[in-house]
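Chain residues, written in single-letter form:
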Amino acid sequence: MSLPAAGPAATRALTLAGLALGPVLVLGVFFVLPVTGMLARGFWADGSFDPGAVADVLARPRVHRVLWFTVWSASAATALSVLLGLPAAYALHRLDFPLRRLVRAALLVPFVLPTVVVGVAFKQLLGESGPLGPLGGLGLDGSPVAIVLGLTFFNVSVVIRVVGGTWESLDRRPAEAAAALGASPAQVFRTVTLPALRPAIVSAASVVFLFCAAGFGVVLTLGGLRYATVETEIYLLTTNLLDLQGAAALSILQLVVVTVLLAVAGRLRAVPDPSVSRDLAPVRRPRPADVPVLGATAVLLLFVGVPIATLVSGSLRVGGAWSLGNYRALTTEGSEQALLVPVTEALAFSLRTAVDATWMSLLLGLLVAVVVTRRSRSRAERRVRATLDGFFMLPLGVSAVTVGFGFLITLDRPPLDLRDTALLVPVAQALVALPLVVRTLVPVLHSVDDRQRQAAASLGASPLRAVLTVDLPVVWRPLLAAAGFAFAVSLGEFGATSFLARDDRPTVPVVIFRLIGHPGAMNYGMALAASVVLAATTALVMLAVERLRVPSVGAL
């Protein structure tokens with residue numbers, strides 16, 4: 001007796017389950033398991049359930065200082081990022097001036113620069129030998145101000161991208177009508193433009209606050225042991241004090257706070273997404289009234305460019321003279337055996353690791369994007385897809401340090417003893433890049449009209465041919481952009497990698513951090529040169545991505 005044929009609903013359910021199974025298993029093993037293992041380490045003390053242990057850790061005076069520093073430094077950096085980012089968002093998305101695309105690409109680069117590189121750049125800028133060295137009396141080097149400036153440098157591009165994307169899609173007619181009725185430019189901005197932009201501004205600010213609160217490389221490089229955020233405190237408790245339960249308790253706290261912030265950001269993002277509906281207003285030539293905005297954009301360009309220029313300049317100075325000695329020294333292990341392998345070997349390992357992380361995140365992200373964007377035929381199916389979408393975004397809500405810490409304490413015994421496998425670092429980096437890949441691809445696949453696929457099928461096209469003829473022409477460019485973005489993010493990833501990279505197989509960000517931690521002018525010069533090489537590589541990748549002109553790249 002033959003089995004009855006499955007109906008369309010059952011076929012759709014099986015197809016959905018088949019597509020989602022792989023990504024769910026990967027996230028289950030490499031994300032849910034490490035994070036739950038970390039939670040268990042916090043709540044189980046000496047083999048018994050002891051929730052009071054978490055409360056004991058959170059009651060420590062140092063933890064209170066760390067929490068306070070995390071909140072106020074993230075708040076200050078967020079406010080400064082919004083203040084600097086808004087004028088640039090307007091100038092770069094509503095005005096047409098020479099080199100506009102180059103300036104926009106230059107202001108996007110800091111977001112993908114390795115955080116360690118940003119820290120080293122500001123250290124060089126504010127240190128005794130930097131351009132602001134004569135102002136050393138201000139004591140900015142290693143100060144909270146330096147940390148706030150570094151966090152702002154890193155995150156201002158988020159404001160430009162999120163708010164600028166909304167700004168360039170705003171309907172001009174309401175503002176023109178208000179102006180025709182006699183409203184001044186300031187009144188038009190306050191009563192018409194600002195209310196329309198408010199959701200995007202608040203959403204961008206919430207995401208920037210999240211990134212600042214989870215800042216790791218910048219804070220660790222500039223703050224050292226004196227100024228710590230929750231993120232760096234987890235690292236210090238794990239690596240310096242071996243207080244794993246304390247680190248787990250802080251990770252739990254961070255997880256709760258970040259989840260709440262993501263939920264708030266998600267609700268605020270429930271406004272029309274400009275990356276989906278791209279009804280762009282034409283840009284116009286600047287007028288005299290735009291001079292303040294262009295001036296503010298120029299100031300921001302200086303704010304971004306000066307630390308990088310200082311970094312490059314410092315890398316070319318040896319003993320007070322211009323020289324390529326720091327770059328030639330990259331083939332060595334540094335003075336006093338600072339490293340086990342030369343920096344050039346670490347760079348080769350970084351590139352291989354980033355390539356592996358890129359194809360992993362791309363393959364996983366494409367599957368996820370297909371799963372969450374296919375048209376739902378029932379309420380239950382819609383809920384399942386929405387749940388999967390939220391599940392796959394979970395890595396965005398957990399810091400890379402927590403992921404790396406979770407890998408350490410859960411993937412170290414059979415059948416998942418992966419400590420010695422070369423894929424552990426790329427897997428962690430792929431998880432960090434995954435949400436960015438998904439958010440780049442989802443708006444594009446959402447924009448494809450499902451009726452085109454149905455038309456192709458009705459004309460006899462196989463599912464594969466329908467994908468090749470309907471989806472591929474639309475998605476190939478965003479796919480390339482997502483690959484470049486994932487590669488750049490993986491190349492500079494430091495939070496999880498600092499836990500997982502072996503001494504004989506370090507990545508470049510890890511090497512830079514070790515070099516600046518060792519005394520000696522040669523080691524510091526090598527750190528500057530390695531930072532320049534890494535920054536140049538990521539900048540080139542991002543300039544290539546920017547040329548693809550995919551609006552959703554880097555969407556959060």
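From a predicted model like this one, the values you see are computed outputs, not experimental measurements.

Caption draft 1: Layout of the overall build of the protein. A tally of helices and strands in the protein yields 23 helices and 6 strands. Taking 556 residues into account, the globule formula puts the C-alpha radius of gyration at 24 Å, and the protein, at 25 Å, falls close to it. Taken over the C-alpha atoms alone, the protein extends approximately 75 × 75 × 45 Å along its principal axes. Counting only residues that meet the buried cut, the protein has 51% of its 556 residues in that class. Long-range contacts, defined here as pairs at least 24 residues apart, represent 80% of the contacts in the protein between residues at least 6 apart. For the protein, the accessible area works out to roughly 25,000 Å², and carbon and sulfur atoms hold 67% of it.

Caption draft 2: Expanded view of unusual backbone geometry. Of note, Leu 99 is a non-glycine position whose phi angle comes to about 65°, a positive value. Position of Leu 99 among the secondary structure elements: in the loop between helix H3 (61-94) and helix H4 (100-112).

Caption draft 3: Main features of the packing of aromatic side chains. Going through the model one piece at a time under the given rule, you end up with 14 aromatic pairs. Plain terms: the ring middles of Phe 69 and Trp 72 are 5.7 Å apart, the flat faces sit at 90° to each other, and that makes the pair edge-to-face. Placement of both Phe 69 and Trp 72 in helix H3 is noted, with a separation of 3 residues, approximately one turn of the helix. Residue classification places Phe 69 among the buried residues on the basis of a relative accessible area of 7%.

Caption draft 4: Spotlight on the nonpolar core. In terms of nonpolar packing, the biggest core is built from 158 residues, with Val 163, Phe 407 and Ile 512 touching the most fellow members. It is helix H18 (residues 424-446) that provides the largest number of residues to this core, a total of 15 residues. Those residues in contact with Val 163 that sit more than four places away from it in its chain are Leu 86, Ala 89, Leu 197, Ala 200, Ile 201 and Ala 204. Ranked by size, the runner-up nonpolar core spans 5 residues in total, among them Val 448, Ala 456, Ala 461 and Ala 466.

Caption draft 5: Representation of the packing of helix H10 (residues 230-239) against helix H17 (residues 400-410) within the structure. In the contact formed by H10 and H17, the axes pass within 9 Å of each other and the chain directions differ by 25°. On the basis of their axis angle, the class for H10 and H17 is roughly parallel. For the pair H10 and H17, the contacting residues are Glu 231, Ile 234, Tyr 235 and Thr 238 in the first and Ala 400, Val 401, Thr 402 and Phe 405 in the second. In terms of residue class, the contact of H10 with H17 is made up of 5 nonpolar, 2 polar and 1 charged.

Caption draft 6: Layout of the packing of helix H5 (residues 115-126) against helix H6 (residues 144-167). Close contact between H5 and H6 brings their axes to 10 Å; oriented N to C, the two are set at 130°. Here H5 is positioned oblique relative to H6, judged by the angle of their axes. The interaxial crossing formed by H5 with H6 has right-handed handedness. Residues Thr 115, Val 118, Phe 122 and Leu 126 of H5 form the contact with H6, whose participating residues are Ala 146, Leu 149, Gly 150, Phe 153 and Phe 154. Its residues placed into classes, the contact of H5 with H6 shows 7 nonpolar, 2 polar and no charged.

Caption draft 7: Representation of the side chain of Thr 221 in the model. Residue placement: Thr 221 occurs in helix H9 (residues 217-223). Judged by relative accessible area, Thr 221 falls into the buried class, the value being 6%. Within polar-contact distance, the side chain of Thr 221 engages the backbone oxygen of Gly 217 at 2.7 Å. Those residues within four positions of Thr 221 in sequence are excluded, and the remaining contacts are Val 116, Gly 119, Val 120, Lys 123, Phe 513 and Ile 516.

Caption draft 8: Summary view of the environment of Ala 357. Within the secondary structure, Ala 357 is located in helix H14 (residues 343-373). Accessibility expressed as a relative area gives 0% for Ala 357, which makes it buried. Through-space distance from the C-alpha of Ala 357 to that of Arg 419 is 17 Å; in sequence the pair is 62 residues apart. Residues contacting Ala 357, with those up to four places away along its chain left out, are Pro 426, Gln 429, Ala 430 and Ser 490.

Caption draft 9: Representation of H4. Counting buried positions along H4 yields 10 of 13 residues, so the element is predominantly enclosed. Those residues of H4 not exposed but buried are Arg 100, Val 103, Arg 104, Ala 105, Leu 107, Leu 108, Val 109, Pro 110, Phe 111 and Val 112. Each element contacted by the buried residues of H4 is listed here: H3, H6, helix H8 (185-213), helix H12 (291-315), helix H20 (463-492) and helix H23 (521-547).

Caption draft 10: The arrangement of a nonpolar patch on the surface in detail. Among the surface-exposed residues, Leu 464, Leu 468, Leu 472, Trp 476 and Leu 480 lie close enough to one another that they form a single nonpolar patch of about 500 Å² accessible area. Assignment of secondary structure puts Leu 472 in helix H20. Relative accessible area serves as the criterion here: at 38%, Leu 472 is assigned to the partly exposed category.

Caption draft 11: Looking closely at the pattern of salt bridges. As enumerated under the stated definition, the model contains 6 salt bridges in all. Where Arg 514 meets Asp 503, a salt bridge forms, and the shortest distance between an N and an O atom there is 2.9 Å. Remark: Asp 503 occurs in the loop between helix H21 (497-500) and helix H22 (508-517) and Arg 514 occurs in helix H22; sequence separation between them is 11 residues. The partly exposed category is assigned to Arg 514, whose relative accessible area is 22%. On the basis of relative accessible area, Asp 503 is assigned to the partly exposed category, the value being 44%.

Calculation criteria
- Residues numbered from 1 in each chain as written.
- Predicted model: local features only at pLDDT ≥ 70, side-chain atom pairs only at ≥ 80, totals over all residues.
- Heavy atoms only, no water.
- Helix = DSSP H or I, 4+ residues; strand = E, 2+ residues; numbered from the N terminus.
- Rg over C-alpha atoms; globule rule 2.2 N^0.38 Å.
- Buried < 20%, exposed > 50% of the residue type's maximum accessible area, 1.4 Å probe, protein only.
- Contact = heavy atoms within 4.5 Å.
- Areas by Shrake-Rupley, 256 points an atom, 1.4 Å probe, with all protein chains shown as cover.
- Phe/Tyr/Trp six-rings, centres within 6.5 Å; stacked < 30°, edge-to-face > 60°.
- Core = buried A, V, L, I, M, F, W, Y, C linked by side-chain atoms within 4.5 Å.
- Axes fitted to C-alpha atoms, helices over the stretch in contact; angles between N-to-C directions.
- Parallel < 35°, antiparallel > 145°, perpendicular 65-115°, else oblique.
- Nonpolar A, V, L, I, M, F, W, Y, C, P; charged D, E, K, R; others polar.
- Left-handed = near helix turned anticlockwise from the far one by under 90°.
- Polar contact = N/O pair within 3.5 Å; in protein donor to acceptor, adjacent residues only side chain to side chain.
- Patch = residues over 30% accessible without salt bridge, like charges linked within 9 Å, V, L, I, M, F, W, Y side chains within 5 Å.
- Salt bridge = Lys/Arg side-chain N within 4 Å of Asp/Glu carboxyl O.

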